[in-house]
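Architecture and fold: a report
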Amino acid sequence: MTPNPTTDPPIFNLNEDLLWSIFHLNADMFTDQKALETTRLTSQVCSSWRNLMLAAPSLWGRLIDLDALLRNSADRWGHELLRRNGEALLWIKSSSIIAEAPLALLLYVLEGSWFRIQRLALSINSFHFKANAKIWDKFYLPAPHLQNSK
């Protein structure tokens, strides 16, 4: 559907490059605690926005917020989020990994995608990590995309 500048709201007249830039800015969970929710809701505004966003795996790869996933049924949504990010670089954060659901999701991501992690910010509860001692082995593997942020 082609936007009609005389009848459509102005937001629907923005080109896809500009929309994608806005979506990308809104998907920074390190500056906005509600980035995952904002992005999910934005993808439901209209079919053209949804299609544009679903075609951008890098957008979803920046949103692995284990705390937010815990608040919103981590198992179902977490795996959907991983499906949507395809092979994109990943941003992962959690301020407190104390529940089994986000820990299981983190283990799943580390097992299959450690090499894709670009940003990682975790606050670790040592009790769970002692029980899963093999997780530490992942942190010793090369991480070619991991960036040092200041």
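What counts and how
Residues numbered from 1 in each chain as written. Predicted model: local features only at pLDDT ≥ 70, side-chain atom pairs only at ≥ 80, totals over all residues. Heavy atoms only, no water. Buried < 20%, exposed > 50% of the residue type's maximum accessible area, 1.4 Å probe, protein only. Helix = DSSP H or I, 4+ residues; strand = E, 2+ residues; numbered from the N terminus. Arc of directions from axis to C-beta. Phe/Tyr/Trp six-rings, centres within 6.5 Å; stacked < 30°, edge-to-face > 60°. Salt bridge = Lys/Arg side-chain N within 4 Å of Asp/Glu carboxyl O.

1. As for helix 2 (residues 35–42)
When helix 2 is considered as a whole, its buried residues turn out to be Ala35, Leu36, Thr39 and Thr42. Each buried residue of helix 2 lies within a common arc of 135 degrees when the element is viewed along its axis, so the set occupies one face.

2. Here's the deal with the packing of aromatic side chains
Centre-to-centre distance and the angle between the planes together describe a pair of aromatic rings. Under the defined criterion, the tally for this structure stands at two aromatic pairs. Taking 5.4 Å as the distance between ring centres and 65 degrees as the angle between the ring planes, the aromatic pair formed by Phe23 and Trp49 counts as edge-to-face. Taken as a pair, Phe23 in helix 1 (residues 16–26) and Trp49 in helix 3 (residues 47–54) lie far apart in primary sequence, 26 residues in all. We classify Phe23 as buried; its relative accessible area is 4%.

3. Brief notes about the pattern of salt bridges
Summed over the entire model, instances satisfying the criterion amount to three salt bridges. The salt bridge partner of Asp65 is Lys93, with a shortest N-O separation of 3.9 Å. Taken together, the positions of Asp65 in strand 1 (residues 64–65) and Lys93 in strand 2 (residues 90–97) put the pair 28 residues apart, joining distant regions of the chain. For Asp65, a relative accessible area of 3% corresponds to the buried category. The class of Lys93 is buried, set by a relative accessible area of 15%. For the salt bridge of Arg84 with Glu80, the shortest nitrogen-to-oxygen distance reads 2.8 Å.

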